[in-house]
Amino acid sequence: QVQFVESGGGLVQPGGSLKLSCVASGIVFRLYEMGWYRQGQGKERELVARISNIDTSTNYADSVKGRFTISRDNSKNTVYLQMTSLKPEDTAKYYCYAVKLAPFTRSWGPGTQVTVSS
């Protein structure tokens, strides 16, 4: 059974930083693309960042480029999201996910809340 343990969320002032972690179990981690989505109150879920399992290439939402960095450690079954220069509009619940294409499977973490406010 796939399980995710997310951590690192919290309350931070504008301009501050947070680092989210997501530890996965129940999957062969190195075979999965990993990433983070977020959903703010009253907003649609948005893909924030993803990292390939093949070549560790990354993609980011335009709104976070240059501020957020996604990385993975296959030895620890963990994906990270380093967030800097945080803005109030980054306030959302952040969900890690794992996806494999063949056969297609996708799983989600329970989410961790990030609140950016003074």
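Refer to the structure printed above.
Let me sum up the structure you'll find in this document. Each chain has its residues counted from 1, running along the sequence as written. Given that the model is predicted, a residue must reach a pLDDT of at least 70 before its local features are reported, and side-chain atom pairs must reach 80 or more before they are shown or counted; all residues, however, enter totals for whole chains, interfaces and linings. Only hydrogens and water are set aside; all other atoms, that is, all heavy atoms of the structure, feed into the side-chain values.

**Thoughts on the nonpolar core**
Of all hydrophobic cores here, the largest spans 28 residues; its most connected members are Trp 36, Val 79, Leu 81, Met 83 and Tyr 94. Counting from the N terminus, the helices are the DSSP runs of H or I reaching at least four residues and the strands are the DSSP runs of E reaching at least two. Counting residues per element, the ones that place at least two in this core are strand 3 (18–25), strand 4 (33–39), strand 5 (46–51), strand 7 (68–73), strand 8 (78–83), strand 9 (92–101) and strand 11 (112–116). A contact between two residues is defined here by any heavy atoms of the two lying within 4.5 Å. Sequence-distant contacts of Leu 81, defined by excluding residues within four places in its chain, comprise Leu 18, Lys 19, Leu 20, Trp 36, Val 48, Ala 49, Phe 68, Thr 69, Ile 70 and Tyr 94. Here, nonpolar core refers to any group of buried Ala, Val, Leu, Ile, Met, Phe, Trp, Tyr and Cys residues whose side-chain atoms link them within 4.5 Å. Each residue's exposure class comes from its accessible area (1.4 Å probe, protein chains only) as a fraction of the maximum for that residue type: buried when under 20%, exposed when over 50%, partly exposed otherwise.

**Description of unusual backbone geometry**
With glycine set apart, most residues show a phi of negative sign, and most peptide bonds adopt trans. Cis geometry marks the peptide bond from Ala 102 to Pro 103; its omega dihedral reads -10 degrees. One non-glycine residue with positive phi stands out, namely Ser 85, at about 45 degrees. Among the secondary structure elements, Ser 85 is positioned in the loop between strand 8 and strand 9. For Ser 85, a relative accessible area of 41% gives the class partly exposed.

**So, the packing of aromatic side chains**
Between the rings of Phe, Tyr and Trp (Trp by its six-membered ring), a pair exists once the centres lie within 6.5 Å; its type follows the angle of the planes, with under 30 degrees stacked, over 60 edge-to-face, and the other angles tilted. Inspection of every chain in the model, using the stated rule, returns three aromatic pairs. Taken together, a centroid distance of 5.0 Å and an interplanar angle of 65 degrees make the contact between Tyr 37 and Trp 108 edge-to-face. Here Tyr 37, found in strand 4, pairs with Trp 108, found in strand 10 (residues 104–108); they are 71 residues apart in sequence, far enough to count as distant. Overall, the relative accessible area of 33% leaves Trp 108 in the partly exposed class.

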